[in-house]
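Tertiary structure, described
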Amino acid sequence: MTTTKRVHNFGAGPAALPLAVLEQVQAELLDFSGTGMSVMETSHRSKAFGQVMEEAEADLRTLLGLSDDHAVLFLQGGASLQFSMVPANLRVGRASADYVVTGRWSQAAFKEADKSGSARAVGSTEPSFDRIPAQGEIDFDPEAAYVHFTSNNTIYGTQWSGEPEPPSGVPLVCDASSDVLSRPLDISRYGVLYAGAQKNLGPAGIAVVVVRKDLLERTPGGLPALLDYRLMAEKRSLYNTPPTFAVYVVGQVLKWLLDLGGLTEIGKRNEAKAALLYDAIDGSGGFYRGHAQPDSRSRMNVTFRLATEDLEKEFLKEAGPADLAGLKGHRSVGGLRASIYNACPGESVQALGDFMADGPRRRGGAG
Ligand SMILES: *Cc1c(COP(=O)(O)O)cnc(C)c1O
């Protein structure tokens, strides 16, 4: 057990990791699995590391209920490289791609696709980005190469409760960077699901990509090797040296999730954590105002404001000594944001809820 002091970490990403995982990593840092070396010092072609990759993939398959219809890739370049890889691999011929634009990240994904070919922004909730559009608001192209959406909008704090429904035969592509494995989902609805690891899966430096295998047939010839889904799938993500340490830590996080009961259990915990903070907002008599419309609220990123920027500054100033870290809102929207991903413990959320409940009293001059 560590005796190091740890704060309540509400950072948006790279974000908190489960303490049990960090302790496990620490315990085997100098001698991994009897090899007499760190996993960082081990060949990516070694038997020991091969097992790390295999177990990580198998555990991800168990958690998501993946069948053999989907391939699992561990790639570098973060979620942002997927903004380029998705159109490069899936948008063949003259087809266009539809992007449901619900926040800064989906906008970024759209812009990348727009640079390299034909793309349409559909169902945009710009400029406030405070909600998820209804199915009927989205003007889908029945001939689109795919429909891309962002399941959780990290910056604005909105989240889809299900998936948009693309026209029949059009694959669904999802950037799930900030809510992957946070609740049960029906993976059979997804053509591609990708996530940068540093919010809900592990450390920065890796993205997990799940691709339906029939879509790999679309990959055109002549792509740079590292952008080629089909090649990466053939080589089982070992075309070149993968970020071995990041893969290993992601593997430990997946085991932690399985041990605690998988997606159903983490989904319940996440729902309870989010409810605690939204109750604090809704019960504050207007002291706090949530950014997202109630039916679009995220269970991962709780965004809120106070009446003035000065009050927000004071909130942050007082949060520090209470060991509440990472609460500043994204620079593009301001305000406050509590990121409460899978690894953020209930006790941390409780501590923040108590601190928030005490806010009006602190401002009332009683303190
Ligand atoms: C953080 C984030 C990204 C960017 O991830 P990188 O790994 O830094 O490229 C993309 N999409 C969403 C939804 C995010 O939350």
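Refer to the preceding data block for the structure.
Residues numbered from 1 in each chain as written. Predicted model: local features only at pLDDT ≥ 70, side-chain atom pairs only at ≥ 80, totals over all residues. Heavy atoms only, no water.

Describing unusual backbone geometry
- Geometrically, the link from Gly13 to Pro14 is a cis peptide bond, its omega value of -10 degrees lying close to zero.
- Mapped onto the fold, Pro14 is located in the loop between strand 1 (8-9) and helix 1 (19-27).
- With an omega dihedral of -5 degrees, the bond running from Glu126 to Pro127 counts as a cis peptide bond.
- Tracing the chain through its elements places Pro127 in the loop between strand 4 (119-122) and strand 5 (147-150).
- With a phi close to 60 degrees, Leu181 is a non-glycine residue in the positive phi region.
- The residue Leu181 is located in the loop between strand 8 (172-175) and strand 9 (192-196) in this model.
- The exposure class assigned to Leu181 is buried, which follows from its relative accessible area of 3%.
- Its identity is not glycine, yet Ser237 carries a phi of approximately 65 degrees, on the positive side.
- With respect to the element layout, Ser237 can be found in the loop between helix 5 (229-234) and helix 6 (244-260). (Helix = DSSP H or I, 4+ residues; strand = E, 2+ residues; numbered from the N terminus. Buried < 20%, exposed > 50% of the residue type's maximum accessible area, 1.4 Å probe, protein only.)

Comments concerning the site of the ligand
- Of all residues adjacent to the ligand, which total 13 residues, the nearest are Ser80, Thr154, Asp175, Gln198 and Lys199.
- Here an oxygen atom of the ligand and a backbone polar atom of Ala79 are 3.0 Å apart.
- For the ligand, the protein covers 87% of the area, taking 390 Å² as the surface of the free molecule.
- Counting residues per element, the shell around the ligand draws most heavily on helix 3 (residues 78-90), at four residues. (Near = heavy atom within 4 Å. Polar contact = N/O pair within 3.5 Å; in protein donor to acceptor, adjacent residues only side chain to side chain. Areas by Shrake-Rupley, 256 points an atom, 1.4 Å probe, with all protein chains shown as cover.)

Section: the sheet that holds strand 3 (residues 97-100)
- Judged by pairing direction, the sheet is mixed, and its seven strands sit side by side in the order 2-10-9-8-5-3-4 without closing on themselves. Lying at the two open borders of the sheet, with one neighbouring strand each, are strand 2 (70-75) and strand 4. Adjacent strand axes in the sheet meet at a mean angle of 20 degrees when their direction is disregarded.
- Here strand 3 runs beside strand 4; their pairing, made up of four bridges, is parallel. Looking at strand 4, one finds that Val100 is bridged to Val122.
- Against the sheet, helix 3 contacts strand 2, strand 3, strand 8, strand 9 and strand 10 (207-212), and its axis sits at roughly 155 degrees relative to strand 9. (Pairing = 2+ DSSP bridges. Axes fitted to C-alpha atoms, helices over the stretch in contact; angles between N-to-C directions. Contact = heavy atoms within 4.5 Å.)

With respect to the packing of helix 6 against helix 7 (residues 262-282)
- At a minimum axis distance of 7 Å, the contact between helix 6 and helix 7 shows a crossing angle of 85 degrees. With respect to each other, helix 6 and helix 7 are oriented roughly perpendicular. Contacts between helix 6 and helix 7 involve Trp256, Leu257, Leu258 and Leu260 on the former and, on the latter, Gly262, Glu265, Ile266 and Arg269.
- Looking at side-chain class alone, the contact of helix 6 with helix 7 contains five nonpolar, one polar and two charged residues. (Parallel < 35°, antiparallel > 145°, perpendicular 65-115°, else oblique. Nonpolar A, V, L, I, M, F, W, Y, C, P; charged D, E, K, R; others polar.)

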